[in-house]
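# Overview (structure and organization)
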Amino acid sequence: MTDNTWRLLVDKNSYADFSVSVSPAVEKAVVNGDAPPTIFLNVFDQDSITVGVNEDPEQVLNLDFCRDNNIDFRRRVNGGGAIYTGTGSAFMVYFVPTSHPDVPETTAEAFPKILTAFAETLSEQFGFPAEYRPLNDVQVEGRKLVPTSLKIENGVMTFRFVVNVKEMNTEIAGTAMPMPPEKVQDKVHKDLQSRFTCLEREAGREISAADLEQMARAAVAHAFSDITLEPGALTDAEHGYAKEFRAEYDNDTWLFGKSEKVRFGALTQAGDTVGRGRHKSVGGMLWATLVLRDGAVLHAILNGDWHPRPIDSVGWLEEALAGCAANEADIRTRITDFMGRDEVEFAGVEIDDLMAAFGKALADQKPLG
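Residues numbered from 1 in each chain as written. Predicted model: local features only at pLDDT ≥ 70, side-chain atom pairs only at ≥ 80, totals over all residues. Heavy atoms only, no water.

Further remarks concern the overall build of the protein. A count of helical and extended segments in the protein gives 15 helices and 17 strands. Relative to a compact globule of 369 residues, whose C-alpha radius of gyration would be 21 Å, the protein shows 21 Å and is just as compact. Each of the three principal axes of the protein carries a C-alpha extent, and together these read 60 × 40 × 35 Å. Per-residue burial over the protein gives 58% buried out of 369 residues. Relative to all contacts within the protein whose residues are 6 or more apart in sequence, the contacts with residues 24 or more apart total 72%. (Helix = DSSP H or I, 4+ residues; strand = E, 2+ residues; numbered from the N terminus. Rg over C-alpha atoms; globule rule 2.2 N^0.38 Å. Buried < 20%, exposed > 50% of the residue type's maximum accessible area, 1.4 Å probe, protein only. Contact = heavy atoms within 4.5 Å.)

Before going further, it helps to examine the layout of surface pockets. Of the volumes computed, that of the largest pocket is approximately 400 Å³. For the lining of the largest pocket, the secondary structure elements donating two or more residues are helix 2 (22–32), strand 9 (143–153), helix 10 (236–249) and helix 13 (313–321). The element contributing the most residues to the lining of the largest pocket is helix 2, with four residues. (1 Å grid on protein atoms, 1.4 Å probe; cavity = no way out; pocket = protein on both sides within 12 Å on 5 of 7 lines; lining within 4 Å. Points joined across faces, edges and corners; volume = space filled by probe spheres on them.)

So, on to the sheet that holds strand 8 (residues 137–140). Taken in spatial order, the eight strands of this open sheet run 7-8-9-10-6-2-1-11, and their pairing is mixed. A strand with exactly one partner marks an edge of an open sheet, and here the two such strands are strand 7 (130–133) and strand 11 (228–231). Within this sheet the neighbouring strands show an average axis-to-axis angle of 20°, counted without direction. The pairing of strand 1 (residues 5–12) with strand 11 spans four bridges and is classified as parallel. Residue L8 lies in a different strand from strand 11, and its bridge partner there is P231. (Pairing = 2+ DSSP bridges. Axes fitted to C-alpha atoms, helices over the stretch in contact; angles between N-to-C directions.)

In this section: the environment of Q139. Position of Q139 relative to the elements: it lies in strand 8. Distance in space between the C-alpha atoms of Q139 and T197 is 8.3 Å, their sequence separation being 58 residues. Sequence-distant contacts of Q139, that is, excluding residues within four places in its chain, are made with P129, A130, E131, R133, K144 and L145. At 2.9 Å, the side chain of Q139 forms a polar contact with the side chain of E131. (Polar contact = N/O pair within 3.5 Å; in protein donor to acceptor, adjacent residues only side chain to side chain.)

Taken as a whole and judged by the stated rule, the model has 21 salt bridges. For the salt bridge of E213 with R217, the shortest nitrogen-to-oxygen distance reads 3.3 Å. Within this pair, E213 and its partner R217 are both found in helix 9 (residues 209–223), separated by four residues, close to a single helical turn. Residue R217 is classed as partly exposed on the basis of its relative accessible area of 28%. The residue R263 makes a salt bridge to E318 at a minimum N-O spacing of 2.7 Å. Taken together, the residues R263 in helix 12 (residues 260–264) and E318 in helix 13 connect sequence positions 55 residues apart. (Salt bridge = Lys/Arg side-chain N within 4 Å of Asp/Glu carboxyl O.)

The mixed open sheet is built from three strands, whose spatial order is 4-3-5. At either end of the open sheet lies a strand with only one pairing partner, and these are strand 4 (72–75) and strand 5 (83–85). Taken over all neighbouring pairs, the strand axes of this sheet differ in orientation by 20° on average, direction set aside. With four bridges connecting them, strand 3 (residues 48–51) and strand 4 associate as parallel partners. Within the sheet, the bridge partner assigned to I49 lies in strand 4 and is F73.

All right, on to the nonpolar core then. In terms of nonpolar packing, the biggest core is built from 47 residues, with Y94, L122, M157 and F224 touching the most fellow members. Apart from residues lying up to four places away in sequence, M157 is in contact with Y94, F95, V96, T98, V103, P104, A110, I114, L150, K151, I152 and F224. Judged by nonpolar contacts, the second largest core, of 26 residues, contains A29, F40, V156 and Y241. (Core = buried A, V, L, I, M, F, W, Y, C linked by side-chain atoms within 4.5 Å.)

Let's shift gears to the packing of helix 13 against helix 14 (residues 328–339). Here helix 13 crosses helix 14 at 145°, and the two axes come no closer than 10 Å. As for the relative orientation of helix 13 and helix 14, their crossing is right-handed in sense. Judged by residue contacts, S313, W316, L317, A320 and L321 of helix 13 engage I331, R334, I335 and F338 from helix 14. (Left-handed = near helix turned anticlockwise from the far one by under 90°.)

On inspection of all chains with the given rule, the structure shows three cavities of 30 Å³ or more. N164, K166, E167, M168, T170, F196, T197, C198 and R201 together form the lining of the second largest cavity. For the lining of the second largest cavity, the per-class residue count stands at three nonpolar, three polar and three charged. (Nonpolar A, V, L, I, M, F, W, Y, C, P; charged D, E, K, R; others polar.)

One can describe the packing of helix 14 onto helix 15 (residues 351–363) by two numbers: an axis separation of 10 Å at closest approach and a directional angle of 145°. The hand of the helix 14/helix 15 crossing is right-handed. When helix 14 is examined against helix 15, the residues E328, I331, R332, I335, T336 and M339 are found in contact with a partner set consisting of I351, D352, L354, M355, F358, G359 and L362.

Okay, the side chain of S281 next. Mapped onto the secondary structure, S281 falls in the loop between strand 12 (273–280) and strand 13 (285–293). One polar contact links the side chain of S281 to the main-chain carbonyl oxygen of G284, over a distance of 2.8 Å. Not counting residues within four places of it along the chain, the set of residues in contact with S281 comprises L286, G348, V349 and D353.

Here you go:
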C-alpha cells in the first residue's frame, strides 16, 4: 500500500473483548510497521461494558448487578469513561500515523478536528443536526450519540468512536453504571434516558451494515485528504498480538489495577488515614484518594475518565505526590511542577481541577478501615 492508501477492516466482536485484544493488537502492528494505517469498523455481537484505563470498576460500576445480569465488563487500555454498548451498535477506530499532515499530534487539537468532521459527516449522511461537544462527544440537541476515547503515542493516533446505532436499555445501563451527580452538572439532560440517543432514532430509519461502512468511508474522507481505503484482513502478526493482549488484560489483576484494594496492598498500617474526593473538570471526572501517615502523603491514587497523554503520566503524578507534606500548598506545588512538564498533556484538566479533587481528599481524612 502507498502512504495514502489505508486499510479498512470490518468485523464483529463484543466491545469488551475487542478493546482488550484486537484493538491493542492493531495499534501495536501499526506502531511497529507490521500493518498499514487502519480504519476498523466493528459491529458488536453482544452487550458489554468497558471502563477506561484510569478507572476503578469498583468506583464506576455496580459490579453485583453486572455479574447477576451476565453483563461482560473489561478495563480497556485507552482513556475515557465507562461505556455500555448494545448488540448491533458499532465501534469505529482510526489507527493512523501522526506523520500524515492531517493527523493531529495533541489531544487538544485531535478532539475538535476529528469530531467536528465526524459530526458533519453524520449530518450529511443521515440528515439530522449532529454537533461536536467538547471535550470528546458528538451530540444531537444535547443528547449524546457518540462517546469517544483517544490515545496519541509512538507516532500513532488511536481514535475510538462508539456509535450508538440501536436503542440501548437505559434502565439496565443506568443501573450497571451509576452516575455520579458531578458527571451531569453541566449537561442539558440529567438522566440516562434523555442524555443518550442512537443513530436509528435520529435518522428515523433502520441503519444497515452498508450504511455504517459508507459512514466510515465518508468520515475518513472528511477528516483526511487524499486517502484511499482498501478492504483488508487481520495479519498473522495481529492475530498473535491479540492472543497475547487477551492473556494480559482479560483477568482480575488488570481489571482492578486502579482499585484501592490492589494499590494499597500491604503498604498501609494502623494509624494511617484515607480520604477521597471527586471533581468534574471539562476533560472529565477526577477521583482522588490520599492515604496519609505522620503528616505526609503515603500513597496517592488519581482515577477518572479524562484523556491524559501519555497514559503513563497519571502514575508520574501519583509518584510525585508520595512523601509530600499533607497540606494544600505543598500538594499544589507538586501538581504545578508536574503539569508544567513539556511531555504531559491533561486536555481539559487544569491545576485547579486537580486541587479540587485532592483538596476534598485531604479534608475527608478518616481512619483506614
